[in-house]
Amino acid sequence: MELPPPFLSSLRGKAVIVTGAASGIGLGSATVLAANGASVLLADLNADGAEAAAAGLRAHGLKAEAVGVDMGREEQIVDMVKAAVARFGRLDALHNNVALLAREVVGRDLGISELDADIFRQCLDVNLVGAALAAKHAIPHIVAQGGGAIINTASIAGVRGEIVRAVYGSSKAGLIGLSRNIAAQYGKKGIRAVSISPGLIMTPSIAKAISPAQVDRLTRHALVNRAGKPEDIGNLAAFLIADEGSYITGIDIVVDGGFLAHWPTFAEELEAIGDVSQPVPE
Ligand SMILES: NC(=O)c1ccc[n+]([C@@H]2O[C@H](COP(=O)([O-])OP(=O)(O)OC[C@H]3O[C@@H](n4cnc5c(N)ncnc54)[C@H](O)[C@@H]3O)[C@@H](O)[C@H]2O)c1
């Protein structure tokens, strides 16, 4: 594992829980946080994967521990928060990052007229209620040691409609609202809450779920010439948790290479007009 260079000075001594940290964006966030000096608890349903990732960080001399958790089970969420406080002696931040992305779930998340209420409840339980419960149990510890941050990974699917994935999108819109409400309710007690809405980020789940042709189509609509990487989200999460981000709260930050920044016809117009940065021929 190659470590990103540290760029934040104030994370040293802070303790952070990152959920969904065995893989993808959660692992990217845990890596950036640890590389910048934070003590990180990597929490995941895949306990072995979380332990292997934590061991990889420790091998670089970083402070990382792991715990197994099912974010659909409150008693396990309570144990996760207790484990962070027991191991690090404090808790400064929580990065909620888990969503149900398995094919058997996403494949049944179609249009509203095909709505499967069980899938909807299961997704809300893990994606949204789990994040809210983690915040509920983390907040008293974060307040007790002087304040900190709750970061929720939402999605651009929470700010735009899609042809499919109505349940996923609704749960992500819920996370944006949850973050705003945590910010409003606990701001004066020193808690900042921010949601991050990633666009296309190349993670194991995404690589399995979409074809290279889909990646090309989506990238064509972005304003930068690449798909996102887990560290793109990790860099922002670390900045928001650090003192450097201490005036930022109550908002959703879209990290999508400009995917949502333009007219829907962007890619077609670019194709028709060509490279607009070149001088127009006489
Ligand atoms: N990758 C993208 O393009 C993208 C875009 C927008 C938003 N997101 C969001 O980012 C987050 C991470 O996505 P990713 O692409 O890194 O996925 P990923 O599959 O690589 O990582 C998700 C992790 O969550 C864990 N997990 C699943 N169910 C769990 C549960 N019940 N309890 C605890 N852990 C559980 C998995 O074991 C896995 O390690 C998700 O919330 C996803 O919705 C991803």
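Residues numbered from 1 in each chain as written. Predicted model: local features only at pLDDT ≥ 70, side-chain atom pairs only at ≥ 80, totals over all residues. Heavy atoms only, no water.

Under the annotation held in an unreviewed UniProt entry, the protein carries the name 3-oxoacyl-[acyl-carrier protein] reductase and is attributed to Sphingobium fuliginis. Turning to the protein, the UniProt annotation filed under Catalytic activity (unreviewed entry) states: "2,5-dichlorocyclohexa-2,5-dien-1,4-diol + NAD(+) = 2,5-dichlorohydroquinone + NADH + H(+)". The record in UniProt for the protein states the following under Sequence similarities (unreviewed entry): "Belongs to the short-chain dehydrogenases/reductases (SDR) family." (UniProt positions renumbered as here; feature names shortened; annotations may be inferred.)

(A) Local environment of the sheet that holds strand 2 (residues 39-44). Taken in spatial order, the seven strands make up an open sheet running 3-2-1-4-5-6-7, and their pairing is parallel. Two strands in the sheet have a free side with no partner beyond their single neighbour: strand 3 (64-68) and strand 7 (252-255). On average, each strand axis in the sheet is tilted by 20° relative to the strand beside it, whichever way the strands run. For strand 6 (residues 191-198) and strand 7, the ladder comprises four bridges, and the chain directions are parallel. The residue of strand 7 that forms the bridge with Pro198 is Val255. Here helix 2 (residues 47-58) sits on the sheet in contact with strand 2 and strand 3, set at roughly 180° to strand 3. (Pairing = 2+ DSSP bridges. Helix = DSSP H or I, 4+ residues; strand = E, 2+ residues; numbered from the N terminus. Axes fitted to C-alpha atoms, helices over the stretch in contact; angles between N-to-C directions. Contact = heavy atoms within 4.5 Å.)

(B) Highlighting the environment of Pro198. Following the sequence through the fold, Pro198 ends up in strand 6. On the basis of relative accessible area, Pro198 is assigned to the buried category, the value being 5%. Residues Pro198 and Asp256 lie 58 residues apart in sequence; the distance between their C-alpha atoms is 5.4 Å. With near-sequence residues (within four places) excluded, Pro198 lies in contact with Ile25, Thr153, Ala154, Ser155, Ile156, Ile233 and Val255. (Buried < 20%, exposed > 50% of the residue type's maximum accessible area, 1.4 Å probe, protein only.)

(C) Layout of the nonpolar core. Leu11, Leu33, Val40, Leu42 and Ile241 are the most contacted members of the largest nonpolar core, which has 36 residues in total. If near-sequence neighbours (up to four positions away) are discounted, Leu42 is found in contact with Val18, Ala21, Leu27, Ala30, Ala50, Ala53, Ala54, Leu57, Ala64, Glu65, Ala66 and Val67. Ala15, Met80, Leu128 and Ile182 belong to the second largest nonpolar core, which has 33 residues in total. (Core = buried A, V, L, I, M, F, W, Y, C linked by side-chain atoms within 4.5 Å.)

(D) Molecular detail of the pattern of salt bridges. This structure, assessed with the given rule, holds eleven salt bridges. For Arg73, the salt bridge is made with Glu75, and the minimal N-O distance between the two is 2.8 Å. Using a relative accessible area of 40% as the deciding quantity, one classes Arg73 as partly exposed. When its relative accessible area of 43% is taken as the criterion, Glu75 is described as partly exposed. For Arg220, the salt bridge goes to Glu271, with nearest N and O atoms at 2.9 Å. (Salt bridge = Lys/Arg side-chain N within 4 Å of Asp/Glu carboxyl O.)

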